[in-house]
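Next come the chains, spelled out residue by residue.
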Amino acid sequence: MTTASAGELLYEGKAKKLYATEDGDRLLVRYKDEATAYNGEKHAMIPGKSRLNHEISSLLFSVLEAKGVSTHFIERLSDKEQLVRKVTIIPLEVVVRNVTAGSFAKRFGQEEGIVLPFSVVDFHVKDDALGDPLATDDQLLVLQYAGKGELETLKQRALEVNDILKEYFADKGITLIDFKLEFGYTEAGELIVADEISPDTCRLWDQKTNEKLDKDVFRRDLGSLPETYEKLYKRLTEGK
Ligand code: ADP
Ligand code: UDP
């Protein structure tokens, strides 16, 4: 167990605060009790959300690490804080989809819930002012968001993460519909999975009932977010 304490606040985003630690290569992350949707248009304070996203994200990063995927996660420090490796974030949201939902269903006029014949990876530029636009490989290359080999590596890594998480959730009776990843480079140049993996960034449906166990309950006013996240956390940790 490492001891690390929060130093200077380096960044405050919509969902998390990042603090410096005594070690320049490591950051302390505190999740926030705040929920936003539709690019910040919908906004609410939700007590308890930070703890649940912190715990679920820690758990999912540990699942990936155990399967040999390099992530920024080092350890959970308390029920509020986690220690991560500092990276330079690639400003892309890498989305993997197994089943139609959300913006994909809307854009292509599809019903939600149709199982795709193969998993699809799409890239969105991380830019709130532009509404995180979907971008083709050529658009990303010409605008120099990434190189050709880098895009291939990101797709391959994202699909690898998908295989692991899909199986992990399926074991708990949950379907991984889609999710978003962020990647970054460590000081030593290693490409690793960063940011968070939580019900804020994944769509998760009960296999039998299709009940939503993710942020869509907040986006679409379908029920209580903390109760939903607590239910998900219990299913992951206690199998109920
Ligand atoms: P946003 O910036 O979209 O409001 P958050 O509140 O989740 O989102 O803020 C966390 C920020 O920290 C994100 O911009 C994310 O890209 C960045 N980040 C995540 N993990 C790391 C890391 N290991 N090192 C540096 N930056 C990170
Ligand atoms: N997602 C995310 N952050 C974003 C946008 C999307 O974590 O800024 C996640 C979202 O929770 C879902 C997946 O990425 O699991 C695909 O989202 P989609 O493109 O369908 O967008 P949305 O419907 O959320 O606008």
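Residues numbered from 1 in each chain as written. Chains lettered and ligands numbered in written order. Predicted model: local features only at pLDDT ≥ 70, side-chain atom pairs only at ≥ 80, totals over all residues. Heavy atoms only, no water.

Colleague: Please explain the side chain of Lys215 as it appears in this structure.
Modeller: By secondary structure assignment, the location of Lys215 is in the loop between strand S14 (202-206) and helix H5 (216-219). If we ignore the near neighbours within four places in the chain, the residues touching Lys215 are Thr36, Pro199, Asp200, Leu225 and Tyr229. (Helix = DSSP H or I, 4+ residues; strand = E, 2+ residues; numbered from the N terminus. Contact = heavy atoms within 4.5 Å.)

Colleague: Whenever I open this one, the packing of helix H1 (residues 49-66) against helix H4 (residues 148-171) confuses me. Can you help?
Modeller: The geometry of a pair of packed helices is captured by two quantities: the angle between their axes and the separation between those axes. Close contact between H1 and H4 brings their axes to 10 Å; oriented N to C, the two are set at 115°. When the axes of H1 and H4 are compared, the crossing they make is right-handed. Counted together, Leu59, Leu60, Val63 and Leu64 of H1 and Val161, Ile164, Leu165, Tyr168 and Phe169 of H4 form the full contact between these two elements. Grouping the amino acids of the contact of H1 with H4 by side-chain chemistry returns nine nonpolar, no polar and no charged. (Axes fitted to C-alpha atoms, helices over the stretch in contact; angles between N-to-C directions. Left-handed = near helix turned anticlockwise from the far one by under 90°. Nonpolar A, V, L, I, M, F, W, Y, C, P; charged D, E, K, R; others polar.)

Colleague: Any chance you could explain the packing of aromatic side chains here in plain terms?
Modeller: Between two aromatic rings, the relevant description is the distance of the centres plus the angle of the planes. A complete count under the given rule lists three aromatic pairs for this structure. It is Arg30 that lies over the ring of Tyr19; its NZ or CZ is 4.8 Å from the centre. The ring of Phe218 has Lys42 sitting right over it, with the charged end atom 4.9 Å from the ring centre. (Phe/Tyr/Trp six-rings, centres within 6.5 Å; stacked < 30°, edge-to-face > 60°. Lys NZ or Arg CZ within 6 Å of the ring centre and 35° of its normal.)

Colleague: What am I meant to see in the sheet that holds strand S7 (residues 81-85) here?
Modeller: In spatial order, the strands read S1-S2-S3-S7-S6; together these five strands make up an open sheet with antiparallel pairing. Two strands in the sheet have a free side with no partner beyond their single neighbour: strand S1 (9-12) and strand S6 (73-76). Geometrically, the sheet is characterised by an average inter-axis angle of 25° between neighbouring strands, direction not taken into account. Looking at chain direction, strand S2 (residues 16-20) and strand S3 (residues 26-31) are connected through five bridges and run antiparallel. Residue Lys16 lies in a different strand from S3, and its bridge partner there is Tyr31. Here H1 sits on the sheet and contacts S3, S6 and S7; the angle it forms with S6, its principal contact strand, is near 130°. (Pairing = 2+ DSSP bridges.)

Colleague: Looking at this structure, how should I read the site of ligand 2?
Modeller: The full set close to ligand 2 counts 14 residues, and Arg97, Ser103, Asp178, Arg203 and Arg219 are the nearest of them. In this structure, an oxygen atom belonging to ligand 2 sits 2.6 Å away from a side-chain N or O atom of Asp178. The separation between an oxygen atom of ligand 2 and a polar main-chain atom of Thr201 is 3.4 Å. Surface burial for ligand 2 is 78%, taken as the share of its 500 Å² of free accessible area covered by protein chains. Looking at the shell around ligand 2, the elements with two or more residues in it are strand S9 (92-99), helix H2 (102-107), strand S12 (174-185) and S14. The residue inventory of the shell around ligand 2, partitioned by class, reads three nonpolar, three polar and eight charged. (Near = heavy atom within 4 Å. Polar contact = N/O pair within 3.5 Å; in protein donor to acceptor, adjacent residues only side chain to side chain. Areas by Shrake-Rupley, 256 points an atom, 1.4 Å probe, with all protein chains shown as cover.)

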